[in-house]
Amino acid sequence: QLERGLSKNREANAVLVGEEGVGRFDIIERLASKISSGRSLPELEHKRLFLLDAERLMAGSGFEESGEKAALESEIISLLDEAEYAGDIILAILDFPSFIQSARGAGLDLPAIMDKYLAGRAIQVVATSSSKQFYETIERDSRLARRFEKISVTEPGKTETIEILEDAAAEVESRRGLFFTYQA
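Residues numbered from 1 in each chain as written. Predicted model: local features only at pLDDT ≥ 70, side-chain atom pairs only at ≥ 80, totals over all residues. Heavy atoms only, no water.

Trainee: Tell me about the overall build of the protein chain, and please be specific about residues and values.
Mentor: When you go through the protein chain residue by residue, the secondary structure sums to 10 helices and 5 strands. A compact globule built from 184 residues should have a C-alpha radius of gyration of about 16 Å, and the protein chain, at 18 Å, falls within 12% of that. Overall, the C-alpha framework of the protein chain stretches about 55 × 35 × 35 Å when taken along its three principal axes. Residues counted as buried form 40% of the 184 residues belonging to the protein chain. When contacts within the protein chain are restricted to residue pairs at least 6 apart in sequence, long-range pairs at least 24 apart make up 76% of them. In the structure as shown, the protein chain presents an accessible area of about 10600 Å², 49% of it carried by carbon and sulfur atoms. (Helix = DSSP H or I, 4+ residues; strand = E, 2+ residues; numbered from the N terminus. Rg over C-alpha atoms; globule rule 2.2 N^0.38 Å. Buried < 20%, exposed > 50% of the residue type's maximum accessible area, 1.4 Å probe, protein only. Contact = heavy atoms within 4.5 Å. Areas by Shrake-Rupley, 256 points an atom, 1.4 Å probe, with all protein chains shown as cover.)

Trainee: Quick rundown of helix α10 (residues 158–176)? Include the residues and the values.
Mentor: Given a rise of 1.5 Å per residue, 19 residues ought to cover 27 Å, and the 26 Å separating the end C-alpha atoms of α10 matches this to within 8%. Looking one or two places after α10, you find G177, whose phi comes out positive at around 75°. (Expected span 1.5 Å × (residues − 1).)

Trainee: Lay out unusual backbone geometry with the relevant residues and their values.
Mentor: Positive phi values are uncommon outside glycine, yet D95 reaches one of about 50°. Its place among the elements puts D95 in the loop between β3 (89–93) and α6 (96–105). A relative accessible area of 32% places D95 in the partly exposed class.

Trainee: I'd like to hear about the pattern of salt bridges, residue by residue, with values.
Mentor: Tallying each qualifying case throughout the model produces 8 salt bridges. Salt-bridge contacts for K34 lead to E3; the nearest nitrogen and oxygen are separated by 2.6 Å. In this pair, K34 is assigned in helix α2 (residues 24–36) and E3 in helix α1 (residues 2–7), connecting sequence segments 31 residues apart. Since its relative accessible area comes to 26%, K34 is described here as partly exposed. Residue D53 pairs with R56 through a salt bridge whose shortest N-O separation is 3.9 Å. Within this structure, D109, D141 and R143 form a network of salt bridges that share partners. (Salt bridge = Lys/Arg side-chain N within 4 Å of Asp/Glu carboxyl O.)

Trainee: Break down the nonpolar core for me, citing the residues and quoting the values.
Mentor: Counting residues in each nonpolar core, the largest one holds 31 residues, and the members touching the most others are I76, F96, F99 and V125. Mapped by element, the contributors of at least two residues to this core are β1 (14–17), α3 (54–60), α5 (69–86), β3, α6, α7 (110–119), β4 (124–129) and α8 (131–139). The biggest single contributor to this core is α7, with 5 residues. Filtering out sequence-adjacent residues up to four positions away, I76 remains in contact with L57, F99, L108, L110 and I113. Ranked by size, the runner-up nonpolar core spans 14 residues in total, among them L6, L16, A92 and V153. (Core = buried A, V, L, I, M, F, W, Y, C linked by side-chain atoms within 4.5 Å.)

Trainee: Requested: an account of the packing of aromatic side chains, with residues and values cited.
Mentor: One pass over the full model with this rule turns up 1 aromatic pair. Pairing F96 with F148 gives two aromatic rings, centres 5.5 Å apart and planes at 45°, and the pair type is tilted. With F96 in helix α6 and F148 in the loop between α9 (142–147) and β5 (149–152), this pair connects stretches of sequence that are 52 residues apart. Residue F96 is classed as buried on the basis of its relative accessible area, which comes to 0%. The buried category is assigned to F148, whose relative accessible area is 4%. (Phe/Tyr/Trp six-rings, centres within 6.5 Å; stacked < 30°, edge-to-face > 60°.)

Coordinates in, geometry out; function isn't part of it.
Encoded structure:
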C-alpha cells in the first residue's frame, strides 16, 4: 500500500499511522530494501530513500545554542532544497508530529515551509505517527492533510508475520549465506 501511495500522481506522500511497536519503521526499511534491490514498483525504481533524523537536525542547526529561529529555518530549507535539486529523493521522517511540534516551539511553521516542496512534488515524504499525534497535528492542519495519505498500520497477524519473516529470511540468506527452513 505504501508503494502504491508513493506512486500516485496526487498525495504522493504517506504517513504510516499506528501505535508503538507495530512495525512502522520496518515498513520503511522494507521499502528501502525493495528500491535498492530493484524490486519496487517501476515508478519508484529510480528513487533514493533517506532517513531524516529530525532530532539531529534540530540540534545541529545551532538553534539550541543561539536561540535564533533563522538558523533552524535555514537548515531545514537547505535540506529541502538539496532534496529538490536531486529530484529523486524520498525523505523518511520518523515521528513527524514531534518534528512539527519542535519546529513550532522554535517559532517555525514547518507545514508552511514544507508545503511549497510537497505541492510541486519536488520531494516526497514518508513519515510515521501515532494515531493520536496524527489527529492532533497532521489531520488538523489542512496543508498537511491534503498532502499526505494516511496508511493505517496495525500489528501483523499470523499470515503477515510469516510473510515478513520469509522476506527477512530471504534477505539474510542472500547477504550472509545462511539458509532457513520453513519450520525454523
